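If you want the building blocks of each chain, they are given just below.
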Amino acid sequence: MRMLEEPVRNSPRVLISHFILILFIMAVVSLSIADMMTAPLPVIAALTVLLMAYDVVWWKRTTLRATDTELIREYSFLYSTRKVVPYSKIASVNVIRTAFDRVLGTATIQVNINSAVNSTAPEISFVFDKDTADAVRTELSGRMYGNAHTAQEEHIYESIIPFTNRDSILHGLFGTSTWALLGVIASLALGIGTELIGSRQGSELLVGMVVLAVMFLLPLIGMIIKYYNFKVYRFGDTVYLSHGAIRLYRTSFKINRINSIRIKRTLIARMMGKASLEMEVVGLTSADDEQRPVLCIMTDMENIRKVIREVAPFFEFEEGVVQPKAAGKVWLMKAVYTTAATVVLASVICYVLNDGSVDRALLRYGWFATVGAVAVLSFVSAYRGYKVDLFGMGEDVFMFQYGIVDRCMSVMQYDRVQIAELYAWPLAARLGLARCQVRMLSSMGAATTVSGYYPREDLERIQEEVMARIRDGRYDYRKLSF
Amino acid sequence: MNEDQNSGYRRLNPKARVSMYIGNIIAAVIWLAIAYIAWGFIDGMSESFRDLLGIGLLVLTAAIIVYLAVGPLVYYARYRYIITDDAIDIRKGIVILRHIVVPIERVHQVEVVRGPINNLFGLADLQVTTAGGQAEIEYLDNDVADSIADDLNRIVNSIVRGRNEDA
C-alpha cells in the first residue's frame, strides 16, 4: 500500500512541539514586557490561544501527496500554496530525528532539490510518526530510484568501510581547520601564560578557556555526535548515508547528483596518514549546519580510495602535474611583496612610536621579530604553495590540489562548471601563466575553486573542454555525465 | 566597426570611455572629500604622526587619481567580448587580466541594467546569472544590450522548452 497516494498530514504530534515553542516564546515576551505594560497577561493569553488555533488550522490544511512523477505539498487558509517537486529534480531525501523527535516518537522527512536559491534549505519538510517516516522514505526511494528497500532492510547492508566510533572521534578532533585549532591553542596558551605570570588574577585564563570551549570543544563534540555510527553504502545508483548519536541522519541521493568531491587532509590528518572525503551534493547541507556533506569521515587513505572506487569511481584521480618553474617566480614575488609591505608598515609604526614613550630596544626587537616572522611565513608559504598545487584533466573530470597547511584535492565534473575564469596578475601574465577560477553550484550555494599558476593555454583547455562537451553532446542534462 | 576582424571579438563603443571617466570623476571627487576630512584629523595630531600619515594619504590619493585617470583607457583598450551560439566569452582587466567563459546552457537569468551615467550615453550593462554566480558585459549600446538579451533569452527558453518536452 502506497501511503502518499492519498493526501497525508503532518503527524499530530508535531503540534505538541509547536505548542511548547509558542508557550516558551510567549512566556519570554510576557516576562520582558511585564514592566512596560500594566495588564499584559490577558493579551498574551489571547495571542497564545490564537497562535495555537492557527497552528491547528495549519496542521489540518497542510497535506503531502505523491503522483507517479512528482511530490506535491499543498496548503490553503488565508492564502494558499501548492509546491510541486518533480522526482527528476530531487537531489536527496533525508530523514532527521532530533532529540525532540525522539521524545515525541516522530521523524522529519526533508526533500531537497538541486537549486542555487534553496541550496541549504529543504524544499519540503514534513513530520511523520517514526515508522511512517521510514515507510514514506522507502516509498519515495521506490518512486525516485526504483529501489524501495525498508529501513529494516537497510540495517542489513554493510558499510563500504567498517567505521569505528574512534574514527568519529578522530574526525571530530582533527577534521577541523588547522588554523582554527592553532588559534584556540594560542588563546589557551595566552590564558595559561598570563595565569603563570600572575598579572591579572587568571581572568585571561578564563577567557582562553571560554574561547577554547566555544570555538573548539563545542563544535568538536558536535562533530563527534553528528558522525557517530557513520555508515556509507551504495545500492544500485543510490548512495545511502546514516550517522548520528542524538540527532539521526539518514540520507539517500543518486550518484549522478555529486557535482564534485574533495579529499581533505588537515595537517594532523596528514601526519597520521589519514584523510576525509567531502562531496558537493546540493540539498545535503541543512541551514543550521553549514558544513559540507561528508561522504567518508577521517580514515586511512586506502579506505578513502575504496569509498571513491565503490561509490563514485568516475571521480578517481591519481595523476596531476606540478606547477612549471616559472610559477616559482610568481610565488617568490608574492612573498617578497608581503615582506616588503611588512617592512614598510613595521617601520612606520616604529617611527611613530619612537617618541620616547616606548623603549627603543623593545621597538628594535619588535621590528625584527615581526618582519622576521612574516618573512619566514611568507617564504615558507610561497615554497609550499609552489610545491603543493597540482592540476590534472581527465575524460569527465578535472582536478585542482591546493592548500598550504590543510591540503585539499578537489575533483570536479566539467559538466557542472557554471563559469570558468582565467586571471593573471602582471608578473604571471608576463610569464604566460594564469590561475583558473571555477564557479560551481555547491552544497552551500555558489562556490569557487582556484588552481595554482599554470600556462594560460593549459588552463584554457578546461574552458574549451566544458564547451566541447556541450557542443558534441557528451554533456546531457538528463544523465548528468554519468 | 567595433569588431576585431581576425578574432571575431567585439570591442566597446568609444562612448564607454566617456561614461567610465564621468564615473571616475565622481569617484575622485568623493575620495578627495574623504581625504580632505581625513587631513583635518591628521593635522591635529602630533608631528611624527602628522608627517607620516600626511605622506601616506598623499601617496594613496595620487595612486587613486592615476588609477582613475588611466584606468578607463586601459580597460577600454583591453575589453573584448564575443557571444557565440553556445558561450559568452569576455576578456577584460586593468591590472588583473581576466578571461571569462560562460556556457549559455548554464544561464538562468539575463538582465539589462541601465545606471544613471550609462543612461546619459545610451549604454547598458548586461548581467547573466548562472547557478554558480554572475558575469557581466558592461558598457554596451542600449540596442546591442537589448538585442543580446533577447537572443540569450530565446536560446535559454528554447533549452528549457526542449527539456520540458523531453520530460
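What you are looking at is a predicted structure, and each value in this text was computed from that prediction instead of being measured.

**Side note on the overall build of chain B**
Point 1. The helix and strand tally for chain B stands at 4 helices and 6 strands.
Point 2. Listing every helix and strand of chain B by position from the N terminus yields α-α-β-β-β-β-α-β-β-α.
Point 3. Within chain B, buried positions represent 39% of all 167 residues.
Point 4. A sequence separation of at least 24 residues applies to 46% of the contacts in chain B between residues at least 6 apart.
Point 5. Of the accessible surface of chain B, which amounts to about 9100 Å², a share of 60% is contributed by carbon and sulfur atoms.

**A look at the nonpolar core**
Point 1. Membership of the largest hydrophobic core comes to 36 residues, with the highest contact counts inside it found for Leu277, Leu295 and Phe315 of chain A.
Point 2. Sorting the residues of this core by element identifies strand S8 (238-243), strand S10 (260-265), strand S11 (274-280), strand S12 (294-300), helix H10 (301-311), strand S15 (397-402) and strand S16 (407-413) of chain A as the ones contributing at least two each.
Point 3. Every residue in contact with leucine 295 of chain A, bar those within four places of it in the chain, is listed here: Phe230, Val232, Val239, Leu241, Phe253, Leu277, Glu278, Met279, Val307 and Val311 of chain A.
Point 4. Listed in part, the 29 residues of the second largest apolar core include Ile419 of chain A together with Ile88, Val110 and Ile137 of chain B.

**Comments concerning the confidence of the model for chain A**
Point 1. Mean pLDDT over chain A works out to 83, with 86% of the residues at or above the 70 mark.
Point 2. Within chain A, helix H5 (residues 151-154) of chain A has the poorest average pLDDT of any element, 56, and strand S20 (residues 454-455) of chain A the best, 96.

**Details of the confidence of the model for chain B**
Point 1. Mean pLDDT for chain B: 88, with 93% of residues reaching 70 or above.
Point 2. Predicted confidence in chain B is weakest over helix H4 (residues 142-166) of chain B, with a mean pLDDT of 83, and strongest over strand S3 (residues 97-103) of chain B, with 95.

**Comments concerning unusual backbone geometry**
Residues and elements named next belong to chain A.
Point 1. Positive phi values are uncommon outside glycine, yet asparagine 229 reaches one of about 55°.
Point 2. Structurally, the position occupied by asparagine 229 is in the loop between helix H8 (203-226) and strand S7 (231-235).
Point 3. In this structure asparagine 229 comes out as partly exposed when scored by relative accessible area, which is 46%.

**Notes on the sheet that holds strand S13 (residues 321-322) of chain A**
Strand pairing within a sheet occurs via backbone hydrogen bonds; the two strands may be parallel or antiparallel.
All names here are of chain A.
Point 1. Spatially, 7 strands are ordered S12-S11-S10-S16-S15-S14-S13 in an open sheet, and the strand pairing comes out antiparallel. At either margin of the open sheet sits one strand with a lone partner, and together these are S12 and S13.
Point 2. Taken strand by strand, helix H14 (residues 456-472) contacts strand S14 (390-393) and S15, and its axis lies near 40° from that of S14.

Conventions we followed
Residues numbered from 1 in each chain as written. Chains lettered and ligands numbered in written order. Predicted model: local features only at pLDDT ≥ 70, side-chain atom pairs only at ≥ 80, totals over all residues. Heavy atoms only, no water. Helix = DSSP H or I, 4+ residues; strand = E, 2+ residues; numbered from the N terminus. Buried < 20%, exposed > 50% of the residue type's maximum accessible area, 1.4 Å probe, protein only. Contact = heavy atoms within 4.5 Å. Areas by Shrake-Rupley, 256 points an atom, 1.4 Å probe, with all protein chains shown as cover. Core = buried A, V, L, I, M, F, W, Y, C linked by side-chain atoms within 4.5 Å. pLDDT = per-residue confidence, 0-100. Pairing = 2+ DSSP bridges. Axes fitted to C-alpha atoms, helices over the stretch in contact; angles between N-to-C directions.

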